[in-house]
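The chain contents come next:
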There are 2 protein chains.
Amino acid sequence: MPKTTKKMESGRPSDGRSVNDRKPKEKRWQEILKAAAEVFYEKGYDAATLQEIADRVGILKGSIYYYIKTKSDLLDHLLTEVHNEGVAMIRKRSELTGTVFDKLDAMFRSHIEYMCRNQAKTTVYLHELKALDPKRRESLFRGHEFRDEFLALIKKGQAEGLILERLDPKLTAQTMMGWTNSLYQWYRPQPRKPVDQIADHFITIMLRGIATEKGLALLPTDR
Amino acid sequence: MPKTTKKMESGRPSDGRSVNDRKPKEKRWQEILKAAAEVFYEKGYDAATLQEIADRVGILKGSIYYYIKTKSDLLDHLLTEVHNEGVAMIRKRSELTGTVFDKLDAMFRSHIEYMCRNQAKTTVYLHELKALDPKRRESLFRGHEFRDEFLALIKKGQAEGLILERLDPKLTAQTMMGWTNSLYQWYRPQPRKPVDQIADHFITIMLRGIATEKGLALLPTDR
DNA sequence: CCTACCGATCGGTAGG
DNA sequence: CCTACCGATCGGTAGG
């Protein structure tokens, strides 16, 4: 007769949960997604348990299944979010005017800032895409959109004599993207260096690195 | 009485295993490590199962425990290997002579080549260090050695007027390392571009990116 | 009938 | 190295 014992437990007084009672559905769902992002970030998707996610929200593990069908639904939602925000950012930045270098500066800067300000989500995105089934993975992989943007700008810069012709556009775009994406590997929210300075260093090295002598004239001078 | 059923299975005739019988211990151990590297690379450490590793070697899951005490021993051995090979590489390259740029070129080139030629091991190293307990992780993290080498070279280059003074040495070293390490994210063993070309692109952009006007004179001309 | 969960336990599999 | 298992915990689901 374990029920009596259990009933004692379920009636436990003065636990921390009473505050969390009766949240509206959408708000609870956002709390769950946030907790999932944190746990996936800290442990990785496979090692993360629904138990820990539920603990952080203050509900029971089983209750999560009111919102999802399987564990991977959580990952799916998070990655979709990052994907959509990323695509929106590209759209926004590609409308900018100015030189090729101005555009590259703006695109990389917003990308870097997004990554640093959404570190957990971005890390999960870059680390756990492979945990998704191939179809979802392909549709959420935004590498192509980014790369195509860069690719076009690099070719334009080469045509204008601003970017070294000996660089292969595809390989260069790939290298650039990999570079920015590597930020999540070492950036930590409260480092000695602010986000601006990181972006400045990154963009300085990148733009000078690909610029011809003619192109260098458009960039800040050395000292 | 499930035992009889099990015995029938274990006595199965004409399975593929007979070829694998009675390998000397050290050789088997290397086979296990190799299989572990592959499975960790494909699935990630947490999602990898000892069953799959055993299957690839052609032994039973339980038999792996003749060689290890826990699953993490496999990870530990693999990461130690990568760590030691990396440290040895640094030692070798730091004895080189030439300009600061020559040394940076040699260091990055050997690092890039190692990463591309040991893709599975390197990926596991960069992805799964966090799965180790903090003490082992710290002792196997070779980031510091690498960064200190780069740091010294960058400062030397700045003192000689070859590298931009406005770049923060630590942040630049960190950025450079992150860049090379990001290679594993997209490099695949049989790509369109050979390893040499990748290294060339990478080093061109990096060295031109940090060089002063005076420094640029030491690098291959643009075109 | 619904929303928003809880208490308890399922089948299956992990490392050991 | 194999056979024969265990302790525990996983993701997921039942009824209320």
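Residues numbered from 1 in each chain as written. Chains lettered and ligands numbered in written order. Predicted model: local features only at pLDDT ≥ 70, side-chain atom pairs only at ≥ 80, totals over all residues. Heavy atoms only, no water.

Engineer: Mind showing me how you'd approach the overall build of chain A here?
Structural biologist: Helices and strands together make up the secondary structure of chain A, namely 12 helices and 0 strands. Helices (α) and strands (β) of chain A occur, in sequence order from the N terminus, as α-α-α-α-α-α-α-α-α-α-α-α. Counting across all 223 residues of chain A, residues that qualify as buried make up 46%. Across chain A, contacts joining residues at least 24 apart in sequence account for 70% of those joining residues at least 6 apart. Accessible area for chain A stands at about 11,900 Å²; split by element, carbon and sulfur atoms hold 53% of it. (Helix = DSSP H or I, 4+ residues; strand = E, 2+ residues; numbered from the N terminus. Buried < 20%, exposed > 50% of the residue type's maximum accessible area, 1.4 Å probe, protein only. Contact = heavy atoms within 4.5 Å. Areas by Shrake-Rupley, 256 points an atom, 1.4 Å probe, with all protein chains shown as cover.)

Engineer: Explain the packing of helix 2 (residues 25-43) of chain A against helix 3 (residues 50-57) of chain A here, please?
Structural biologist: When two helices pack together, their arrangement is given by the angle between the helix axes and by the axis-to-axis distance. Residue and element names in this part refer to chain A. Running from N to C, helix 2 and helix 3 cross one another at 130°; their axes reach a closest spacing of 9 Å. With respect to their mutual orientation, helix 2 and helix 3 come out oblique. By crossing handedness, the relation of helix 2 to helix 3 is classed as right-handed. Taken together, the residues of helix 3 that come into contact with helix 2 (itself represented by Arg28, Glu31, Ile32, Ala35, Ala36, Glu38, Val39, Phe40, Glu42 and Lys43) are Glu52, Ile53, Arg56 and Val57. When its residues are assigned to classes, the contact of helix 2 with helix 3 shows 7 nonpolar, no polar and 7 charged. (Axes fitted to C-alpha atoms, helices over the stretch in contact; angles between N-to-C directions. Parallel < 35°, antiparallel > 145°, perpendicular 65-115°, else oblique. Left-handed = near helix turned anticlockwise from the far one by under 90°. Nonpolar A, V, L, I, M, F, W, Y, C, P; charged D, E, K, R; others polar.)

Engineer: Teacher, can you tell me more about the domain arrangement of chain A here?
Structural biologist: Where interface size is quoted, it is often the accessible area lost as the parts come together. All names here are of chain A. Considered domain by domain, chain A is made up of domain 1 (22-68) and domain 2 (72-216). Averaged C-alpha coordinates put domain 1 and domain 2 at centres separated by 30 Å. Taken together, the 12 residues of domain 1 in the interface contact 14 residues of domain 2. For the pair domain 1 and domain 2, the summed buried area comes to about 1,200 Å², and 77% of that belongs to carbon and sulfur atoms. (Domains from an automatic or database assignment. Buried area = accessible area lost by both parts, 1.4 Å probe.)

Engineer: Help me understand helix 4 (residues 71-93) of chain A, please; the structure alone is not making it clear to me.
Structural biologist: Side chains of residues three or four places apart in an α-helix project in the same direction, reflecting 3.6 residues per turn. The end-to-end C-alpha distance of helix 4 of chain A is 34 Å, a good match for the 33 Å that 23 residues give at a rise of 1.5 Å each. Considered for burial, the residues of helix 4 of chain A that qualify are A:Leu74, A:Leu75, A:Asp76, A:Leu78, A:Leu79, A:Val82, A:His83, A:Gly86, A:Val87, A:Met89 and A:Ile90. (Expected span 1.5 Å × (residues − 1).)

Engineer: Quick question: what am I supposed to make of the relation of the copies chain A and chain B here?
Structural biologist: Two copies of the chain are present, and they differ by a rotation about an axis and a shift along that axis. Superposing chain A onto chain B takes a rotation of 180° combined with a translation of 0.1 Å along the rotation axis, leaving an RMSD of 0.1 Å. Taken together, the rotation angle and the small translation identify this as a two-fold axis. Judged by C-alpha distance, A:Gly209 is the residue of chain A that lies nearest the rotation axis, at 1.8 Å. (Least-squares fit on C-alpha atoms with pLDDT ≥ 70 in both.)

Engineer: Teacher, can you tell me more about the interface of chain A and chain B here?
Structural biologist: Contacts between the two partners involve 42 residues from chain A, matched on the other side by 42 residues from chain B. It is A:Arg166, A:Leu171 and A:Ile205 that lose the most area in chain A upon contact with chain B, and together they represent 17% of the buried surface on that side. Counting the contacts that link chain A with chain B gives 0 salt bridges. Our enumeration of links across chain A and chain B arrives at 13 residue pairs in polar contact (both at pLDDT 80 or more). When contributions to the side of chain A that touches chain B are tallied by element, the ones reaching two or more residues are helix 6 (119-128), helix 9 (169-181), helix 10 (183-186), helix 11 (195-210) and helix 12 (213-216) of chain A. If one sorts the elements of the side of chain A that touches chain B by residue count, helix 11 of chain A sits on top with 10 residues. Classifying every residue of the side of chain A that touches chain B gives 17 nonpolar, 14 polar and 11 charged. (Salt bridge = Lys/Arg side-chain N within 4 Å of Asp/Glu carboxyl O. Polar contact = N/O pair within 3.5 Å; in protein donor to acceptor, adjacent residues only side chain to side chain.)

Engineer: I would appreciate a short explanation of the environment of A:Gln158 in the present structure.
Structural biologist: Residue and element names in this part refer to chain A. With respect to the helices, strands and loops of the structure, glutamine 158 is situated in helix 8 (residues 143-159). Between the C-alpha atom of glutamine 158 and that of methionine 89, which follows or precedes it by 69 residues, the distance is 25 Å. In this structure, glutamine 158 is in contact with Ile163, Leu164, Glu165, Leu167 and Pro169, ignoring residues within four places of it in sequence.

Engineer: What am I meant to see in the packing of aromatic side chains here?
Structural biologist: The geometry of two aromatic rings is summed up by the distance between their centres and the angle between their planes. One pass over the full model with this rule turns up 13 aromatic pairs over all chains. These aromatic residues form a ring-pair network of at least three members: A:Phe108, A:Phe150, A:Trp179, A:Phe202, B:Phe108, B:Phe150, B:Trp179 and B:Phe202. We note A:Lys71 situated over the ring of A:Tyr45; from NZ or CZ to the ring centre the distance is 4.5 Å. (Phe/Tyr/Trp six-rings, centres within 6.5 Å; stacked < 30°, edge-to-face > 60°. Lys NZ or Arg CZ within 6 Å of the ring centre and 35° of its normal.)

Engineer: Hey, could you run me through the environment of B:His127 in this one?
Structural biologist: Examined against the element boundaries, B:His127 turns out to sit in helix 6 (residues 119-128). Exposure remark for B:His127: the relative accessible area of 12% places this residue in the buried category. Not counting the four nearest positions on each side in its chain, B:His127 is found in contact with A:His127 and B:Tyr184. Polar side-chain contacts of B:His127 include one of 3.3 Å to the side chain of A:His127.

Engineer: What am I meant to see in the pattern of salt bridges here?
Structural biologist: Charged atoms that come close allow side chains of opposite charge to pair. Residues and elements named next belong to chain A. Across all of its chains, the model carries 26 salt bridges over all chains by this definition. Linking lysine 34 and glutamate 38 is a salt bridge whose minimum nitrogen-to-oxygen distance equals 3.6 Å. Pair noted here: lysine 34 and glutamate 38 are both in helix 2, with a separation of 4 residues, about one helical turn. Judged by its relative accessible area of 57%, lysine 34 falls in the exposed class. By relative accessible area, which is 28% here, glutamate 38 ends up partly exposed. The partner of arginine 56 in a salt bridge is glutamate 52, and the shortest N-O contact between them spans 2.9 Å.

Engineer: Explain helix 9 (residues 169-181) of chain B here, please?
Structural biologist: All names here are of chain B. The end-to-end C-alpha distance of helix 9 is 18 Å, a good match for the 18 Å that 13 residues give at a rise of 1.5 Å each. In terms of burial, helix 9 is largely enclosed, as 12 of its 13 residues are buried. Within the sequence span of helix 9, burial applies to Pro169, Leu171, Thr172, Ala173, Gln174, Thr175, Met176, Met177, Gly178, Trp179, Thr180 and Asn181.

Engineer: Just checking my understanding: could you explain the environment of A:Ala152 for this structure?
Structural biologist: Inspection of the secondary structure assignment puts A:Ala152 in helix 8. For A:Ala152 and A:Arg166, which are 14 residues apart along the polypeptide, the C-alpha to C-alpha distance reads 16 Å.

Engineer: So what exactly am I meant to see when it comes to the packing of helix 5 (residues 100-117) of chain A against helix 9 of chain A here?
Structural biologist: Residues and elements named next belong to chain A. Relative to each other, helix 5 and helix 9 sit at 30°, their axes nearing to 10 Å. One finds that helix 5 runs roughly parallel with respect to helix 9. Counted together, Phe108, His111, Ile112 and Met115 of helix 5 and Met176, Thr180 and Asn181 of helix 9 form the full contact between these two elements. Classifying every residue of the contact of helix 5 with helix 9 by side-chain character gives 4 nonpolar, 3 polar and no charged.

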